[in-house]
Amino acid sequence: MHADVHHLLHAVASAELRSRAVEFRLPRTSLRTRVGWTLVEVGLRLTAQGRDAAAPRAAFHPA
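Conventions used here
- Residues numbered from 1 in each chain as written.
- Predicted model: local features only at pLDDT ≥ 70, side-chain atom pairs only at ≥ 80, totals over all residues.
- Heavy atoms only, no water.
- Helix = DSSP H or I, 4+ residues; strand = E, 2+ residues; numbered from the N terminus.
- Areas by Shrake-Rupley, 256 points an atom, 1.4 Å probe, with all protein chains shown as cover.
- Salt bridge = Lys/Arg side-chain N within 4 Å of Asp/Glu carboxyl O.
- Buried < 20%, exposed > 50% of the residue type's maximum accessible area, 1.4 Å probe, protein only.
- Patch = residues over 30% accessible without salt bridge, like charges linked within 9 Å, V, L, I, M, F, W, Y side chains within 5 Å.

*Asks:* Give a description of the overall build of the protein chain that names residues and reports values.
*Replies:* Scanning the protein chain for helices and strands turns up two helices and zero strands. For the protein chain, the exposed area adds up to about 6,600 Å²; of that, 64% sits on carbon and sulfur atoms.

Structure below.
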């Protein structure tokens, strides 16, 4: 296959993929929202790991 034909086919295929990807694009959210959900995810992962820990937890003693 000639290089020109290969380049043309690649350009057509990539343009088609870009146009189809617009349908699946998520709406833009603010940075604050994305950071908030990231922190929630990290917190959930930390608590899930905490349940598996073998170290005993200190009891809360009110003063």
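Structure's up, so let's keep going.
*Asks:* Which residues make up the pattern of salt bridges, and what values do they have?
*Replies:* This model, assessed by the stated rule, comprises one salt bridge. Arg-45 is paired through a salt bridge with Glu-41; the nearest N and O atoms lie 2.7 Å apart. Of this pair, Arg-45 and Glu-41 are both found in helix H2 (residues 31–51), four residues apart, which corresponds to roughly one turn of the helix. Owing to a relative accessible area of 54%, Arg-45 belongs among the exposed residues under this scheme. The exposure class assigned to Glu-41 is partly exposed, which follows from its relative accessible area of 41%.

*Asks:* So what's going on with a nonpolar patch on the surface? Residues and values would help.
*Replies:* Taken together, the side chains of Leu-31, Val-35 and Leu-39 make up a nonpolar region of the molecular surface, amounting to roughly 300 Å² of accessible area. Note that Val-35 resides in helix H2. Classification of Val-35 as partly exposed rests on a relative accessible area of 41%.

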